[in-house]
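So the chains spell out like this:
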Amino acid sequence: MNQELDFMFVKFARVWVPDAEEVWKSAELTKNYNNGDSSLQLMLEDGTNIEHKLDPKTKNLPHLRNPDILVGENDLTALSYLHEPAVLHNLKVRFIDSKLIYTYCGIVLVAINPYESLPIYGSDIINAYSGQNMGDMDPHIFAVAEEAYKQMARDERNQSIIVSGESGAGKTVSAKYAMRYFATVSGSASETNVEEKVLASNPIMEAIGNAKTTRNDNSSRFGKYIEIGFDKRYRIIGANMRTYLLEKSRVVFQADEERNYHIFYQLCASAHLPELKALKLSSADDFLFTKQGRNPVIDGVDDAKELSNTRNAFTLLGINESYQMGLFQVLAAILHLGNVEVKDRDSDSSVIPPSNQHLMAFCDLVGVTYQDMSHWLCHKKLKTATETYIKTIPRLQATNARDALAKHIYAKLFNWIVEHVNKSLHATQKQHSFIGVLDIYGFETFEINSFEQFCINYANEKLQQQFNMHVFKLEQEEYMREQIPWTLIDFYDNQPCINLIESKMGILDLLDEECKMPKGSDDSWAQKLYNTHLKTCSLFEKPRMSNKAFIIQHFADKVEYQCDGFLAKNKDTVNEEQINVLKASKKFDLLIELFQGEEKATSPSGAVPGGRTRLSIKPEKTRAAHSSKEHKKTVGCQFRNSLQLLMETLNATTPHYVRCIKPNDLKFPFTFDPKRAVQQLRACGVLETIRISAAGFPSRWTYQEFFSRYRVLMKQKDVLADRKMTCRNVLEKLVEDQDKYQFGKTKIFFRAGQVAYLEKLRADKLRVACIRIQKTIRCWLARKKYLRKKNAAITLQRFTRGYQARCLAKFMRRTQAATTIQKFQRMYMERKRYRQKQAAALAMQTILRAYMARQKYRRLLREHKALLIQKHVRGWLARQWYKRSLHAIVYLQCCTRRMGARRQLKKLKIEARSVEHFKKLNIGMENKIMQLQRKIDEQNKDSRVVSERLNSLESSHAVESERMRTELTRLRGAEEEAKNNANRVNTLLEELERLKKELHTTQKEKKTIEDWAQKYRDEMEKMVAELKEQNGLLKNEKNDLNRMLKEQSQQLTEKMTRALAEETQQLESDLNEERSRYQNLLTEHLRLEEKYDDLKEEITLSVNVPKPGHRRTDSTHSSNESECTYNSEFAESEESSRATEDVTRGMDTSLTLKLQKRVTELEQEKQSLRNELENKEDQFQRARARDDVEHKKARGAELEYESLKRQELESENKKLKHNLAEMRQSLLGNAGAGTGAPGSPAYKVLLDQLNSSCEELDVRKEEVLILRSQLVSQKEAMQHKDEKETMTDPVHHVEDVSKLKDSGEIKQAYIGLKDTNRSPRFLRMPLEANELLSKLRSPTPDFHRLNEDGELWLVYEGLKETNRLLESQLQSQRRSYDNEVEVLRGELQSVKEENNRQQQLLAQNLQLPPEARIEASLQHEITRLTNENLDVLKTDDPTEYREARVIILRRMVDLMEQLEKQDKTIRKLKKQLKVFSKKIGEMGAGQIEGQVSPGQMVDEPIHPVNIPRREKDFQGMLEYKKEDELKLVKNLILELKPRGVAVNLIPGLPAYILFMCLRHADYVNDDQKVRTLLTSTINSIKKILKKRGDDFETVSFWLSNTCRFLHCLKQYSGDDSFMKHNSPKQNEHCLSNFDLAEYRQVLSDLAIQIYQQLIKCMENILQPMIVSGMLEHETIQGVSGVKPTGLRKRTSSIADEGTYTLDSILRQLSAFHSIMCQHGTDPELIKQVVKQQFYIIGAVTLNNLLLRKDMCSWSKGMQIRYNVSQLEEWLRDKSLMVCGAKETLEPLIQAAQLLQVKKKTDEDAEAICSMCLALSTAQIVKVLNLYTPVNEFEERVSVTFIRTIQTRLRDRCETPQLLMDTKMIYPVTFPFNPSSLALETIQIPSSLNLSFLTRV
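All figures in this text were calculated on a predicted structure; none of them were measured in a lab. Just so you know, the residues in each chain are numbered from 1, in the order the chain's sequence is written. Since the coordinates come from a predicted model, pLDDT governs what is reported: local features require at least 70, and pairs of side-chain atoms require 80 or more to be given and counted, while whole-chain, interface and lining totals use all residues. Hydrogens and water molecules were not included; the side-chain quantities draw on all heavy atoms of the structure.

Section: the overall build of the protein
Counting its secondary structure elements, the protein contains 57 helices and 26 strands. Relative accessibility decides the category of a residue: with a 1.4 Å probe and only protein chains considered, values under 20% of the type maximum give buried, values over 50% give exposed, and everything between is partly exposed. Burial statistics for the protein: of 1896 residues in total, 44% are counted as buried. The contact rule is simple, with two residues in contact once any of their heavy atoms fall within 4.5 Å. Residue pairs at least 24 apart in sequence account for 74% of intrachain contacts in the protein once pairs closer than 6 positions are excluded. Computed by Shrake-Rupley with a 1.4 Å probe, the accessible areas treat only the displayed protein chains as cover when residues are assessed. Accessible surface computed for the protein: about 102000 Å², of which carbon and sulfur atoms make up 53%. Working definition: helices are DSSP H or I runs of at least four residues, strands are E runs of at least two. Numbering for both runs from the N terminus.

Structural data, given as structure tokens:
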């Protein structure tokens, strides 16, 4: 103990301390504990420091906490420290963190109710647990059921599963799942589906025995024991149910928030059903027995739907509808009885008012009289020895009597249902064994405990005693088996408590005695209990404050029972007269049947609280023998007897325990209340199991496991060859106290805490090793880091110094440069400042002098003008009168002359424009117009030629029409003659009548075929409609894409336009600024020139330079053009100024010199500004040109798209026309040969193509017309837009003008149009032709100047419209001609077809025998009737006529084809009958062997075909006699050993031999021989596979040979698709007489069956290897350590003898592969087999990983990835990497990666979600929940992280299935694999014993 204290209770050790709220809290020691200390210094998990006082008497230390790696174990006994806090914490961690509801506790399965539906009960989970050992999988109710089922079959001993727990813990659900498991894995031994009936009993028993309580929505208010019977093959044959202690009081009373039994609410919810109207039910709130709980509805439960399920279960169990309605009547009667109101008459009597509605309904339902029932409800009969009295009873007693009757009726009904359920489940054959499932109430304690709780706790005492004895027995057997010393373990024995209850003078005995007393009461009984047991039994106590209660110390807790009601409930009395009234019912047989047991007293079940039914149906005599005695038994006595019988049954079986725990009282999902859990753990015996285990040696290890786990604690010298001796030596060194362990035969047994001690030593050793490794690695890393830093520092210094030197040099250069720049800058600034001052002074002087000169000049000018004004005024006054007269005369003359001149000018303008002027100005345009005119003339000439051709065609058409009419007349005559000839067929009608009966027999088959054909046609039409719909959708999508493209193009154009406008606006603003500066300078220049002009008046008058920028231009010119004329205008003004300067040189020399100097300076400045302006304009022009090009490209792309679309439509239109013409020619060409007759396949195909082509053509025409109209409208809109806009945007006409490629044409057109459009006011001369040509040849010609009014565009558009008009007229004429020709050709074709058909029918009728004539005449009649129908369908509309004709022709073709099929079938049967008759005649009384197989020959000729033999020799055939066929099959198939054939002979030899025999049968044209050979071969292969189907070699051999035989049938079938790889010799060996296509299908089906059998055989071989080799075996030794396990030992992961390893799997896979290769299996088929193998390996491995918590660790993930890499390496070695096998392992690979990746942060969660794409969300969450650290260095996955993963994967669309389907088989294909082996070279070895075969 000192050693344990020294090592365990030290600083940082973790312990458990008691807590009032959480029961136990975890704390950590902050100080070492020394022996003798009175307290411990602890720190809680929240950081609070506390002092834990030790008990001064016991000095008991707190419980130590287990290491983290042991927390969350599957088995509680695997914990090193076994105590209450460890158990509670382990359950909480598994339940809350891992969402695991099942945990083993030794032999007990602890099940915690999750209050939530979990996907862990599906059929895939059942299949996963089936056949597994109990410890090999995670805890589950299915594991317990499998263990019970396996022990029953292995030990041949009956089993029991005891499910216990308090209400709401999930007992019923657990029992239900256990029964479902048995029903699934065992099946039934008969065809009655007993397992379905067993499961169907659950909804019935839940409806009548379950109710809602405050603790559970579906609480079982009775106990039941179901025995499921099995036969010798362990299949379910029946079942039997016993019930215990039904809670009858619930029928008449329910507490708040509780309900009555479900069946009552189901009936009320379904009261609206017609069949339930007679029950007179309504809402549950209207009845007293269903409304007392005030909560009639359960959330999420539909009572009406539940009633439907209950009724279906009744029907399945054989309770018919009439009995069901009878049951519902009784239940409704109970509800009505509860509403019967009893009123007081006086203090001692009561009365029921007359005509009580509910009592009347009760009487009507049960068939009794109202008076009798109302009387005996208020009266009772008293019997004495001599007399009988009828006494009234008060209202309270009457109400109690009413309630007692209701309870009694319900109890009888419950027993009746149980009895009939047992009858339905009764086994029809002898029962070999059974498994019992006990669903019984757990220990109960409430505030008020009565008789029911007493019985329940009494039953639990008995069960606990049996449980303790069983656990003690198992422990003792384990110790004895391991041969270790046995020491008596002290455990709690509850026999004294049981004796207190059931012994003589016990509680029950005293209760029965008190019930027999005349005046017995609850008080007197309580006094007897006190007097008898209070002083003699320590387990019996009396409450201090009560004299009507008693306390019993049960094994779980003390319980106080109230004595009130004990006697009444124990007596369970009911008014006998009321029962007699019910028995007297005449019209309700079910009620009488219910109370038959009153007289016979079948069993203790007559009293419901202790009621039960017997195991099997006993004879009536047996029950009658004990009726009088058992009828007097009390409820307590009956319950004690039934409990004793139950215990005897359980003791005779092997028990399995399931303890259900209720985690909280609020029914919250996955919420754990420690207080409630501890109470139930104490009550259910789990802690007692732990205590018994802890008292001995709870931890048990095998020697190999101990060595593997604690190898790190051993030195090399300690390791011996003998593992047992090694472990012994090590333990003696590690643990000094030898009482702490014992060495067994195969295991080492440890006391509690020793494993934790060893784990601490192991962890310390590993920690020291880790520190040493870390020290070395950190040293290496630090040195490496130091060297790296040193090198980096030296490098940094080198580069830094170089950088500093470069910076210094750079600084010096910059300093020198800055000095130089400053010098020149200062010089420039000073010079500029001087020049500014000089310019300012000169400007001031000039302005001042000019101002003074102007003032003087104006003064002189005013004086001179005043004199002139006086002179002129005086002269004006003299001439005024004369001027007025003269002005009037001149005005009249001017008006007259002006009017004449205007008229003459108008004529001249018209004449100039029309002829002369245009001739002068448009010389180039005349040439162009002449060329266009020549083109028009040529087109007119072509048009005339076409017209002439049309006229000639019309004339030839008229001639052809006339000839056709004559031909039609002649053909009609021939038709009349044919009709006359057809009349001769009437003589054959008598023979037709004789054949009608035979035809009638075939009409039914014909009708069947017609129905099938109609169905097939409907399906095809539906498929065509779907395809058309899809085509329409695609077209709509295409249109949408086109629209989107257009919109995008439009958006791009708008975007470019906006960008262009913005940039243009910016450039224009810049240009305006430059323009304003230029104009300011120009104004100053003009001012100086004005001064000069004032001095020289004459020159000023002669020189009048207009202001540039204000010259008027034509409206068609743009502002840009005006701006471009600035330079020329300035040049002109400059020249004029220089000229005037020469003239006035001598006037004012000084002023002139000054002006010249100023003009020179201004010209220089003007020139600089002009250059700058030109640069700006060039930039603007380039930007404008670039934008224009981009705009042109965008618009060109749009036009190009429309043009391409138009071209595509036109090309498709031409293609359709071409196809139409070809079809018409084909129809015309085949008309003469008669192949195009209606009904022929060619005619049908061509007609369909014609119709589809016409429809497509119409559609394309409409699209072309729409597209053209859109293009024309767009061009018109563009043209209209161009006419409105100015010529500032040249883009619209660039394309059209650029078509004028000739430079001469461009020059002439430009000059003419320019002169025409320009106003005479233009002063500037036109550009020269050379300049124009150079501009046109420039990269960006200015086309807007060439086509200012768009006349070239108009001319070009006019020519195009003319061409279009001519083309459209030509096309319309061609279409009309084609239509007329088509109509005439169609009529001519129909006439020719009719004539040919008549001639052919006539010729055939004359040549055919009588039978064939009748058939031909029948077909002729059908054709004639069809033609008459077609005549009726003639309409004026040719389209409707053609459609109707096509429909009828199609129908006729279908009918003819079906008739042909029927005829062929009849001919086949007749031919076979003739062959059989012939053989019967030859063989006499012999029997004909073989029957017609599914592979019957098809397409047999109508008449017997005489096939001549070929003259050349036949090779590659084997001949055999008919009687040798059985010998051939026997030697080649049945008795052939695959191993010898595969090794010594060529692959597929049996297939080649069989095919060579088949070839000979085909050669001799013996169809019987072919059929029998193929049938015998197929049957023999099936027979050998059935016999040896578990032998992989045999199955593989015949799979290979079957595929080879199938390939031979294809290769030599004569089909071109299979003969591509044949040699010429092989083509000669093709079958010549028979088509074996149907037999190929049969063989293909056989090959599929063999493949599936091969997969199953392979799966059976691999299945035992997969889990052991892929998961359990440590391929990399030492990576994963073995964790401590509990009582449920799993398979050891150490490779012992007989354990499968990964090498075993690889060897087996190699064996499979080599066998298939030896057998010559097709490579593609081998790939499919390997893919299926790897899928099975991956699926089984992943499923076991998901169900085994101990396998979900980091080290196991590494092991799995290594194993997968070995499998991939095997694939590479076999060259099978491309077969898809690796992809099937992807879920397993991702699961292994999930085990290894980091699982902490959100980034980790994102990585996991993106990595695990092949895993479902449920699988990912399951792996994370199961992840378990093996070593202390690993960490668990937090709940928050798992919730993050669930949130991220919430949007995934996937199936919720957890496990992979291991039974899934990929579909197999058999690709054609021809053989290069020549048949003639095959030699038959003598070892096959086929000497009777002869080579041909």
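Let's talk about unusual backbone geometry
In this structure, Y115 is a non-glycine residue whose phi angle is positive, near 55 degrees. One non-glycine residue with positive phi stands out, namely K667, at about 60 degrees. By the secondary structure assignment, K667 is in the loop between β21 (654-661) and α25 (674-684). Taking relative accessible area as the criterion, K667 reaches 24% and is therefore assigned partly exposed.

So, helix α24 (residues 635-651)
One less than the residue count of a helix, multiplied by 1.5 Å, gives the span that helix is expected to have. In this model, α24 (17 residues) spans 24 Å end to end at C-alpha, consistent with the 24 Å of a helix rising 1.5 Å per residue. With twelve of 17 residues buried, α24 lies mostly within the body of the structure. When we look at burial in α24, the residues that qualify are V635, G636, C637, Q638, F639, R640, S642, L643, L646, M647, T649 and L650.

Looking at the pattern of salt bridges
Between side chains of opposite charge, pairing is possible as soon as their charged atoms come close. Any Lys or Arg side-chain nitrogen located within 4 Å of an Asp or Glu carboxyl oxygen qualifies as a salt bridge. Summed over all chains, the structure comprises 49 salt bridges. Between D344 and R395 there is a salt bridge, and its shortest N-O distance comes to 3.4 Å. Of this pair, D344 sits in strand β13 (residues 343-346) while R395 sits in helix α13 (residues 395-424), and the two are 51 residues apart along the sequence. Since its relative accessible area comes to 48%, D344 is described here as partly exposed. For R395, a relative accessible area of 37% gives the class partly exposed. One network of salt bridges, with partners in common, ties together E166, K662, D665 and R676.

Let's talk about the sheet that holds strand β12 (residues 236-244)
Here, strands pair whenever DSSP counts at least two bridges between them. Across the sheet, seven strands lie side by side as β6-β7-β21-β8-β17-β11-β12; this open sheet has mixed pairing. Pairing within the sheet leaves two strands with one partner each, and these edge strands are β6 (102-105) and β12. Neighbour to neighbour, the strand axes of the sheet diverge by 20 degrees on average, direction disregarded. In terms of strand pairing, β6 meets strand β7 (residues 108-112) through four bridges, oriented antiparallel. Each bridged residue has a counterpart across the sheet, and for Y104 the counterpart in β7 is L109. Note on geometry: axes are C-alpha line fits, over the in-contact stretch for helices, and angles between N-to-C directions span 0 to 180 degrees. Strands β6 and β7 of the sheet are contacted by helix α2 (residues 84-97), whose axis makes an angle of about 155 degrees with β6.

Notes on the pairing of strand β2 (residues 23-29)
Burial runs high along β2: five of the seven residues are buried. In this structure, strand β1 (residues 14-19) lies alongside β2, joined through six bridges in antiparallel fashion. If you follow P18 over to β2, its bridge partner there is W24. From the end of β1 to the start of β2, which pair antiparallel, there are three residues. Where β2 meets strand β3 (residues 39-44), three bridges bridge the pair, whose relative direction is antiparallel. Opposite E28, over in β3, you have M43 as the bridge partner.

Topic: the nonpolar core
Formed by 314 residues in total, the largest nonpolar core has its most connected members in F182, F362, M373, Y410, W525, F550 and L582. Per element, the largest residue contribution to this core is 16 residues, and it comes from helix α49 (residues 1637-1672). A27, L64, F706 and F743 belong to the second-largest nonpolar core, a separate cluster that totals 34 residues. Here, nonpolar core means buried Ala, Val, Leu, Ile, Met, Phe, Trp, Tyr and Cys residues that are tied together by side-chain atoms lying within 4.5 Å of each other.

Details of helix α12 (residues 370-377)
Buried within α12 we find Y370, M373, S374, W376 and L377. Where α12 is buried, its residues meet α10 (321-338), α11 (357-366), β15 (379-383), β16 (388-392), α13 and α19 (576-583).

A closer look at the packing of α49 against helix α51 (residues 1723-1746)
With their axes 9 Å apart at the nearest point, α49 and α51 run at an angle of 40 degrees to one another. Considered as vectors, α49 and α51 are oriented oblique to each other. Viewed along their axes, α49 and α51 form a crossing whose handedness is right-handed. Note on element contacts: α51 touches α49 through L1725, Q1728, V1729, Q1732, Q1733, I1736, I1737, V1740, T1741, N1744 and L1745, opposite Y1651, L1654, I1655, M1658, E1659, L1662, Q1663, I1666, V1667, M1670 and L1671. Orientation labels follow simple angle bins: below 35 degrees gives roughly parallel, above 145 gives roughly antiparallel, 65 to 115 gives roughly perpendicular, and whatever is left gives oblique. Throughout, a crossing is termed right-handed when the near helix is turned clockwise from the far one, and left-handed when it is turned anticlockwise from it by less than a right angle.

With respect to a nonpolar patch on the surface
Patch membership is restricted to residues that have no salt bridge and whose relative accessible area is over 30%. Joining uses 9 Å for like charges and 5 Å for the nonpolar side chains Val, Leu, Ile, Met, Phe, Trp and Tyr. On the surface, I773, I777, W780 and L781 cluster together to form a nonpolar patch covering roughly 420 Å² of accessible area. One can find I773 in helix α29 (residues 754-921).

Section: the environment of L511
Tracing the chain through its elements places L511 in helix α16 (residues 507-516). The sequence separation of L511 and L529 amounts to 18 residues, and the corresponding C-alpha distance is 9.1 Å. The residues contacting L511, other than those within four sequence positions of it, are F451, W525, F566, L567 and N570.

Observations regarding the side chain of S546
Mapping S546 onto the fold places it in the loop between β18 (540-541) and β19 (549-553). Residue class for S546 comes out buried when judged on its relative accessible area of 19%. Whenever a nitrogen or oxygen atom comes within 3.5 Å of another N or O atom, the pair is scored as a polar contact, on the condition that within protein one atom can donate a hydrogen and the other can accept it, and that pairs from neighbouring residues in sequence are kept only if both atoms are in side chains. Within the structure, S546 has its side chain in polar contact with the backbone nitrogen of K548 (distance 3.1 Å).

Some points on the sheet that holds β3
Backbone hydrogen bonds hold the strands of a sheet together, and the pairing may be parallel or antiparallel. If you trace the five strands from one edge of the open sheet to the other, you get β4-β3-β2-β1-β5, paired in antiparallel fashion. Two strands bound the open sheet, and with one partner strand each, they are β4 (49-53) and β5 (63-64). One ladder, built from two bridges, connects β1 with β5; its direction is antiparallel. Each residue of the ladder has a partner; that of V15, found in β5, is L64. Its contacts with the sheet place α2 against β1, β2 and β5, and it is angled at close to 100 degrees to β2.

Considering the packing of aromatic side chains
The geometry of an aromatic ring pair is captured by the separation of the ring centres together with the interplanar angle, meaning the angle of the planes. To pair, rings of Phe, Tyr and Trp, with the six-membered ring standing in for Trp, must have centres within 6.5 Å; the planes then decide the type, stacked if under 30 degrees apart, edge-to-face if over 60, and tilted in the middle. Within this structure, the stated rule accounts for 35 aromatic pairs. With a centroid separation of 5.6 Å and 85 degrees between ring planes, the pair formed by F454 and Y561 is classed as edge-to-face. Separated by 107 residues along the polypeptide, F454 in helix α14 (residues 451-482) and Y561 in strand β20 (residues 558-562) bring together distant segments of the chain. Ring plane angle 25 degrees and centroid distance 5.9 Å describe the contact between F706 and F750, whose orientation is recorded as stacked. Of the two residues, F706 sits in helix α27 (residues 703-709) while F750 sits in strand β24 (residues 747-750), which places them 44 residues apart along the sequence.

Some remarks on the packing of α49 against helix α50 (residues 1702-1718)
Orientation of α49 relative to α50, taken along the N-to-C sense of each, is 160 degrees, at an axis distance of 8 Å. It follows from the interaxial angle that α49 and α50 lie roughly antiparallel. On α50, the residues that touch L1654, M1658, I1661, L1662, M1665, I1666, G1669 and M1670 of α49 are L1702, S1704, I1705, Q1708, L1709, F1712 and M1716. The nonpolar class holds Ala, Val, Leu, Ile, Met, Phe, Trp, Tyr, Cys and Pro. Asp, Glu, Lys and Arg form the charged class, and all remaining residues, Gly among them, are polar. Its residues assigned to classes, the contact of α49 with α50 shows twelve nonpolar, three polar and no charged.

The values are spatial; any link to function lies outside them.
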